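# Residue-level structural notes
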Amino acid sequence: MTAKRFKNPRAEHNYQGRPCSIVGVGSYVPDRVLTNADLEKMVETSDDWITSRTGIKERRVAAENEFTSDMAAAAARRAIASAGIKAEEIDLIIVATITPDMMFPSTACLVQHKIGAVRAAAFDIEAACSGFIYALEIGQQFIMSRSCNTVLVIGAEKLSTIVDWKDRNTCVLFGDGAGAAILQNRPDSHGLLTACMGADGGKSELLYMPGGGSMCPASGQSVAAGLHFLRMDGKETFKNAVTAMQTAAREALRRCELDITQIKCVIPHQANRRIIEAVGERLGVRQDQVFVNLDKYGNTSAASVAIAFDEAVRTGVIQRGDLVLMVVFGAGLTWAAAVIEW
Ligand code: ACO
């Protein structure tokens, strides 16, 4: 076996866990495309404004009868096929989402039934746009600790249901979709080398949805006041995203004793091209290292990097053995960066 060209923090001398690989990925986006030209007819905006401020050209919107669990299940089936496993082999399903089908039961339970993963335990996690890395790390821990052999991790969102389509400040930014990965114990590790996660609940009001929880249960008044739509302070969110993403990315690289030039592909949260460029500039990333698909899908929150990861693998941008830096930021505030050996 050739010597590895980086440090695997999971494989320190006192490391007790089993190796964990990402053995398959998959994604799904709804058929309906909503272009910037379509939005020009809905709110006072322009293709030029949206493109220059965000880089987004179009996004996908799920059908009325297509729920987060349906998109999650579709992405999961593709990940299962790509991993060459059977749904019955899955021990655990983790769904990261801020747009579950309903308050309870969890979307993960609904997915478990839809894909026939009859042996699997299932739960959701909520870390907004950072959810997929949070969920990958949780799934990997279950495998390393020998609790599970096969874990299905999904990021899935139907953000179109919590966007105020009359608010031009937010409605142009978001889209629907799902991405999934299968984690499994395999002798050769091809999983997360490290994941650096963080949060700052003191800034929760930069990006939140006030209605529908225990603080403000759904009522006639709450709906009339539009409390079931997401709210965002775009400028402050932008600044915090740039700082948190670059700090987390640097820490993840440092833990693996990696230089950014050794990374084949950087997969950032697909929220805004200007955020991606600002983070890339500060990290010294070459443009050809960065995977961007936000022009097609907008910000799909927890699904964002999951969809991008699958697309990068399917299009051959990432080959087996390549090192990937995934870096995310979202409501909470939450952020995370992971180094993945694909
Ligand atoms: N079309 C035309 N004009 C618009 C639009 C629009 N769609 N939206 C806002 N404007 C106007 C504003 O009203 C404002 O007008 P004013 O100056 O007359 O008041 C003007 O454009 C400038 O608005 P800014 O807020 O200064 O625009 P900015 O350059 O900051 O871009 C944006 C706004 C795109 C939202 C940016 O701040 C951003 O991307 N923020 C980060 C969002 C993000 O990354 N979220 C990630 C987490 S998401 C999650 O966790 C679910």
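Predicted model, so just to flag it, every value in this text is computed and none were measured.

Before going further, it helps to examine the environment of Ile-276. As for its placement among the helices and strands, Ile-276 is situated in helix α9 (residues 273-283). Not counting residues within four places of it along the chain, the set of residues in contact with Ile-276 comprises Pro-268, His-269, Gln-270, Val-290, Val-292 and Leu-294.

Attention shifts here to the site of the ligand. Taken together, 26 residues lie around the ligand, and Thr-45, Arg-53, Cys-129, Lys-235 and Asn-272 are the ones closest in. Side-chain polar atom of Asn-272 to an oxygen atom of the ligand: 2.6 Å apart, as the coordinates give it. Within the contact set of the ligand, an oxygen atom lies 3.1 Å away from a side-chain nitrogen or oxygen of Arg-274. When the residues that make up the shell around the ligand are grouped by side-chain class, the tally is 12 nonpolar, nine polar and five charged. Of the residues that make up the shell around the ligand, three or more belong to each of domain 1 (9-189) and domain 2 (193-341).

Core analysis: the largest hydrophobic core is formed by 39 residues, its most contacted members being Ile-22, Ile-267, Phe-309, Ile-318 and Ile-340. Split by domain, this core shows at least three residues from each of two domains, domain 1 (9-189) and domain 2 (193-341). Contacts of Ile-340, omitting those with residues within four sequence positions, involve Ile-22, Leu-136, Gly-191, Leu-192, Leu-193, Phe-309, Asp-322, Leu-323, Val-324 and Met-326. Residues Ala-244, Ala-249, Val-279 and Leu-333 belong to the second largest nonpolar core, which totals 29 residues.

Next up on the list: the domain arrangement of the protein chain. One widely used convention gives an interface's size as the accessible area the parts lose upon coming together. Taken domain by domain, the protein chain comprises domain 1 (9-189) and domain 2 (193-341). A separation of 13 Å is found between the C-alpha centroids of domain 1 and domain 2. Every contact between the two is made by 49 residues of domain 1 and, on the other side, 51 residues of domain 2. Taken together, the two surfaces of domain 1 and domain 2 that pack against each other cover about 3,800 Å², and 65% of this comes from carbon and sulfur. Three residues stand out in domain 1 for area buried against domain 2, namely Cys-129, Ile-133 and Tyr-134, and they jointly supply 18% of the buried area on that side. Linking domain 1 with domain 2 are 19 residue pairs in polar contact (both at pLDDT 80 or more). Elements supplying a minimum of two residues to the side of domain 1 that touches domain 2: β1 (21-28), α2 (47-54), β3 (58-60), α5 (131-144), β6 (150-158) and β7 (176-184). In terms of residue class, the side of domain 1 that touches domain 2 is made up of 25 nonpolar, 14 polar and 10 charged.

The rules behind the values
- Residues numbered from 1 in each chain as written.
- Predicted model: local features only at pLDDT ≥ 70, side-chain atom pairs only at ≥ 80, totals over all residues.
- Heavy atoms only, no water.
- Helix = DSSP H or I, 4+ residues; strand = E, 2+ residues; numbered from the N terminus.
- Contact = heavy atoms within 4.5 Å.
- Near = heavy atom within 4 Å.
- Polar contact = N/O pair within 3.5 Å; in protein donor to acceptor, adjacent residues only side chain to side chain.
- Nonpolar A, V, L, I, M, F, W, Y, C, P; charged D, E, K, R; others polar.
- Domains from an automatic or database assignment.
- Core = buried A, V, L, I, M, F, W, Y, C linked by side-chain atoms within 4.5 Å.
- Buried < 20%, exposed > 50% of the residue type's maximum accessible area, 1.4 Å probe, protein only.
- Buried area = accessible area lost by both parts, 1.4 Å probe.

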